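Notes for the structure review
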Amino acid sequence: NSTLAGSHFMDCRPSPRHHALVRVTCVVTLVTKVGFYCQDGGLWSGIFVHTPYDALTLALQPGDQVSVRDAYVDEELGSTQLEVAAADDVEILQRYAVVEPLLVDA
């Protein structure tokens with residue numbers, strides 16, 4: 001959730017939960033070969049979840065609401081990330097969930 005976002009993308013400040021195990025519920029926004037991005041709708045709420053399990057990432061799609069448990073908070077290349085150790089640490093709760101857009105003033 002957005003309380004993890006002690007640092008936002010590329011700001012080089014570590015999260016206050018760095019090295020902690022956390023549980024988050026969020027909506028998948030992008031799936032890659034090594035994990036997925038998700039967000040819970042708050043400002044700076046997006047985070048990358050690294051998972052080395054191809055079967056899991058192939059099953060995920062944008063719009064999936066997931067529960068990520070026992071995720072290790074880490075810092076990589078100046079951004080906060082979550083690392084999961086087992087595929088069953090990510091559970092699909094709902095398909096086609098919607099994240100409400102947030103208006104941000106520039």
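Our structure is the block above this text.
Report on the accompanying structure. (Residues numbered from 1 in each chain as written. Predicted model: local features only at pLDDT ≥ 70, side-chain atom pairs only at ≥ 80, totals over all residues. Heavy atoms only, no water.)

1. Considerations on the state of the cysteines
Here a disulfide denotes a covalent bond joining the sulfur atom of one cysteine to the sulfur atom of another. In total, this model carries one disulfide according to the counting rule given. Disulfide pairing places C26 opposite C38 at an S-S distance of 2.2 Å. Note on the C26 and C38 pair: the S-S dihedral is about -65°, so by sign convention the disulfide is left-handed. On the criterion of sequence distance, the pair formed by C26 in strand β1 (residues 21-31) and C38 in strand β2 (residues 35-39) is long-range, its members being twelve residues apart. Comparing C26 with C38 shows no difference in burial state: the two are buried. (Disulfide = S-S within 2.5 Å. Helix = DSSP H or I, 4+ residues; strand = E, 2+ residues; numbered from the N terminus. Buried < 20%, exposed > 50% of the residue type's maximum accessible area, 1.4 Å probe, protein only.)

2. Some words on the pattern of salt bridges
With the rule as written, the count across this model stands at two salt bridges. The closest approach of N and O atoms between D64 and R95, which form a salt bridge, is 2.8 Å. With D64 in the loop between α1 (54-59) and β4 (65-76) and R95 in the segment after β6 (90-94), the pair connects residues that are 31 residues apart, well separated along the chain. Owing to a relative accessible area of 34%, R95 belongs among the partly exposed residues under this scheme. (Salt bridge = Lys/Arg side-chain N within 4 Å of Asp/Glu carboxyl O.)

3. Some details on unusual backbone geometry
Positive phi outside glycine occurs at D70, with the angle close to 50°. Given a relative accessible area of 47%, D70 falls into the partly exposed group. A positive phi angle is found at Y96, which is not glycine, with a value near 65°. Structurally, Y96 can be placed in the segment after β6.

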